[in-house]
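Breakdown of the fold
Residue strings, one per chain:
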Amino acid sequence: MRVLACLAEGLGIRATAQVFEVDPNTVLHWLVEAAEQLQTFSAYLLCDVHVNQLQLDELYAILREVKDGALSEHEAIERLEPSSSWVWTAMDPESKLLLVMDVGTRTLAMAQRVVHHVAGILAPDCVPLCVTDGLKEYGTALLTHFGYWRQPERRQTKGPSPKPRWMPLPQFLYAQVVKSYRRRRLVGVQHRVVFGTMARVQQVLVACGRQINTAFVERLNLDIRQRVAAVGRRVNTLCQDEDGLQHQLALFHAYHNCVLPHASLRLALGEPVPSNGTGSAKRWRPCTPAMAAGLTDHVWTLHEVLMFRVPPWPQPCAG
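Heads up: these notes are all about the structure in this document. Note that this is a predicted model, so its numbers are computed, not measured. Every chain is numbered on its own, with residues counted from 1 as its sequence reads. Only residues with pLDDT of at least 70 get local features here, since the model is predicted, and only at 80 or more are side-chain atom pairs given and counted; chain-wide, interface and lining totals rely on the full set of residues. Note that the side-chain values use all heavy atoms of the structure and ignore hydrogens as well as water.

**With respect to the overall build of the protein chain**
The test is simple: Where helices and strands are cited, they refer to DSSP runs of H or I of at least four residues and of E of at least two residues respectively, numbered from the N terminus. Buried, partly exposed and exposed residues are distinguished by accessible area as a fraction of the type maximum, computed with a 1.4 Å probe on protein chains only: under 20%, between the cut-offs, and over 50%, respectively. It only takes one pair of heavy atoms within 4.5 Å for two residues to be counted as in contact.
In terms of helices and strands, the protein chain carries 12 helices and 10 strands. Counting the 319 residues in the protein chain, one finds 40% classified as buried. In the protein chain, the share of contacts with a sequence separation of at least 24, taken over all contacts with a separation of at least 6, comes to 64%.

**Some thoughts on the pattern of salt bridges**
Heads up, the condition is: We define a salt bridge as a contact between a side-chain nitrogen of Lys or Arg and a carboxyl oxygen of Asp or Glu at a distance within 4 Å.
Scanning the entire structure with this criterion turns up 5 salt bridges. For the salt bridge of E58 with R106, the shortest nitrogen-to-oxygen distance reads 2.9 Å. Here R106 lies in the loop between β3 (98–104) and α6 (108–121) and E58 lies in strand β1 (residues 53–61), a separation of 48 residues in the sequence. Ionic pairing is found between E218 and K179, a salt bridge with its closest N-O pair at 2.9 Å. Residue E218 is located in helix α9 (residues 215–227), and its partner K179 is located in strand β7 (residues 173–182); the two are separated by 39 residues in the primary sequence. Classification of K179 by relative accessible area gives partly exposed; the value is 30%.

**Brief notes about the packing of aromatic side chains**
Rules: To pair, rings of Phe, Tyr and Trp, with the six-membered ring standing in for Trp, must have centres within 6.5 Å; the planes then decide the type, stacked if under 30 degrees apart, edge-to-face if over 60, and tilted in the middle.
Tallying each qualifying case throughout the model produces 10 aromatic pairs. Aromatic pair Y44 and F308: ring centres 5.9 Å apart, planes at 35°, arrangement tilted. Of the two residues, Y44 is situated in helix α3 (residues 24–45) and F308 in the segment after α12 (302–307); the sequence distance between them amounts to 264 residues. Among the residues examined, F308 registers a relative accessible area of 24% and is labelled partly exposed. Judged by centre distance (5.1 Å) and plane angle (10°), the rings of F146 and F172 are stacked. Of this pair, F146 sits in the loop between α7 (137–145) and β5 (147–150) while F172 sits in the loop between β6 (165–168) and β7, placing them 26 residues apart in sequence. With relative accessibility at 1%, the residue F172 sits in the buried group. Clustering of aromatic rings is evident, with ring pairs tying together F41, Y44, W300 and F308.

**Quick look at the side chain of D133**
The residue D133 is located in the loop between β4 (129–132) and α7 in this model. Ignoring anything within four residues of it in the chain, the contact list for D133 reads L56, D57, E58, R106, Y138, Y174, Q176, V177 and T214.

**A look at the pairing of β1**
Our working rule: Pairing between strands is defined by DSSP: at least two bridges between the two strands are required.
Within β1, 8 of the 9 residues are buried, leaving the element largely enclosed by the surrounding structure. The sheet contact formed by β1 and β4 spans 3 bridges and is parallel. Residue pairing in the sheet places L54 in a bridge with C130 of β4.

This is the structure we're talking about:
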């Protein structure tokens, strides 16, 4: 448990093995075994979730083959956009609940997979406001999952019939935050409403006192880089392949949602509770994203998560 707790807090596999005086392969074996349980636990917990809005983003991850020189500089540049590994995330900015974490290329197929996973987690009647960056693949993926086919009216008496088109659901809202850079410096931010109207988007955001932004998912990216050793900046703890990265992300996913309390979610106690020592009385109740979303009623320990026997539950059909 302590080995996995160190990994969850961002310590690398070799460093953890050095602290506990075990072989690094042993630590890796424990992580692989735990990842299977953690993935099943997260899939069981995140079911029929209701959220008002979602923020989606992708985080660039460097694998060891690029750093060690297995690829030339030219090949690395060519792979940067179409085929490098990216950590895709989808979260609820109100409860800080992390719905989806996946690894793949920055392509339309990957965007479709992530949005399909999100749609499977949400309740059938839940159509949230979605906010992303300017990646155009999000628009296509969201439209195919939160839209419907509509046959346009025929305008001419002769000629072929117009082809059916995808149209967004009337209640679906989608906005983008498009950032412009010049010489690696931010020079402009544009808020764009793709589906819906600006008035309806603002109506949803006013309830939480916010504007169109991706600040919460970008703050989540910082947590991922600090607590997942494989995606840290300028580190020597890179994974060999995507499978190794998936194992560390599975640990972070469950740890973030159920084990780690968030200061912004804490709840004020009715009356201060005296502490056992000489410290000040407790005035706040810790709260995790899973508690804020109404999925659990207490802060889990890592031991509880790993020892939890996941019962069978109805799973969405793969399609």
